[in-house]
Amino acid sequence: MGQGLIVIDVQRDFCPGGALAVADGDSIVAGINTLMANADAVILTQDWHPAGHSSFASSHKGAAPFDVINMPYGKQVLWPDHCVQGSTGADFHPELQTDHADLIIRKGYHAAIDSYSAFFENDHATPTGLAGYLRERGISRLTLTGLATDFCVRFSAVD
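Owing to the predicted nature of the structure, the values given are computational and were not obtained by experimental measurement.

Thresholds, definitions, all that
Residues numbered from 1 in each chain as written. Predicted model: local features only at pLDDT ≥ 70, side-chain atom pairs only at ≥ 80, totals over all residues. Heavy atoms only, no water. Helix = DSSP H or I, 4+ residues; strand = E, 2+ residues; numbered from the N terminus. Rg over C-alpha atoms; globule rule 2.2 N^0.38 Å. Buried < 20%, exposed > 50% of the residue type's maximum accessible area, 1.4 Å probe, protein only. Contact = heavy atoms within 4.5 Å. Areas by Shrake-Rupley, 256 points an atom, 1.4 Å probe, with all protein chains shown as cover. Lys, Arg positive; Asp, Glu negative; His and termini not counted. Charge placed at Lys NZ, Arg CZ, Asp CG, Glu CD. Pairing = 2+ DSSP bridges. Right-handed = clockwise from strand over helix to strand, strands pointing away.

## Regarding the overall build of the protein chain
Along the backbone of the protein chain there are 3 helices and 6 strands. N-terminal to C-terminal, the α/β element order of the protein chain is β-α-β-β-β-β-α-β-α. Rg of the C-alpha trace for the protein chain: 15 Å, near the compact-globule value of 15 Å for 159 residues, within the 12% margin. Buried positions account for 46% of the 159 residues belonging to the protein chain. Within the protein chain, counting contacts between residues at least 6 apart in sequence, those at least 24 apart form 69% of the total. Entry remark: accessible area of the protein chain is about 7600 Å², with carbon and sulfur atoms responsible for 53%. In the protein chain, which carries 9 positive and 18 negative side-chain charges, the distance between the mean positions of the two groups comes to 5 Å.

## Some thoughts on the pairing of strand β2 (residues 41–47)
Within β2, 7 of the 7 residues are buried, which leaves it mostly tucked inside the rest of the structure. Side chains A41, I43, T45 and D47 project from β2 onto one buried face, and the interleaved V42, L44 and Q46 project onto a second face that is buried too. Looking at chain direction, strand β1 (residues 2–8) and β2 are connected through 5 bridges and run parallel. Across the sheet, I6 pairs through a bridge with I43, a residue of β2. Chirality of the crossover, the property in question, places the unit of β1, helix α1 (residues 29–36) and β2 among those that are right-handed.

Pasting the structure below:
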């Protein structure tokens with residue numbers, strides 16, 4: 001029975017100064033680095049949207065950030081453009097010790113569907129592959145940490 005640590009979306013765009021900043025988001029980085037030393041497996045998730053992603057308000061004429069629309073998979077909050085593939089905002093926080101990661105799961109890269117959870121896309125049917133990885137590694141206990149506890153961390157914990 002291994003212990004896994006899932007570090008969710010500790011990226012520049014979710015930290016102070018980023019496009020979708022969590023207040024004091026960078027204050028958790030040192031604690032996460034400490035937790036990594038005690039885990040049998042460290043998994044990082046990375047929001048990784050293509051430009052023009054369907055969850056961006058800018059992709060919907062007349063829409064504003066934080067509006068809610070209906071998508072084929074259910075209700076979708078529209079976000080400011082954030083964590084665009086290859087952008088500085090999509091980078092991990094510079095003080096996060098990413099060299100401790102065993103696996104990086106990129107999510108939200110399907111242009112037509114958002115992904116909050118580390119385990120499933122928002123259709124709740126398309127897996128990210130994380131569950132299989134954890135089973136193969138014998139990881140049965142998890143600690144989840146990260147940013148956007150009301151969305152990405154919460155959805156991951158529920159899944």
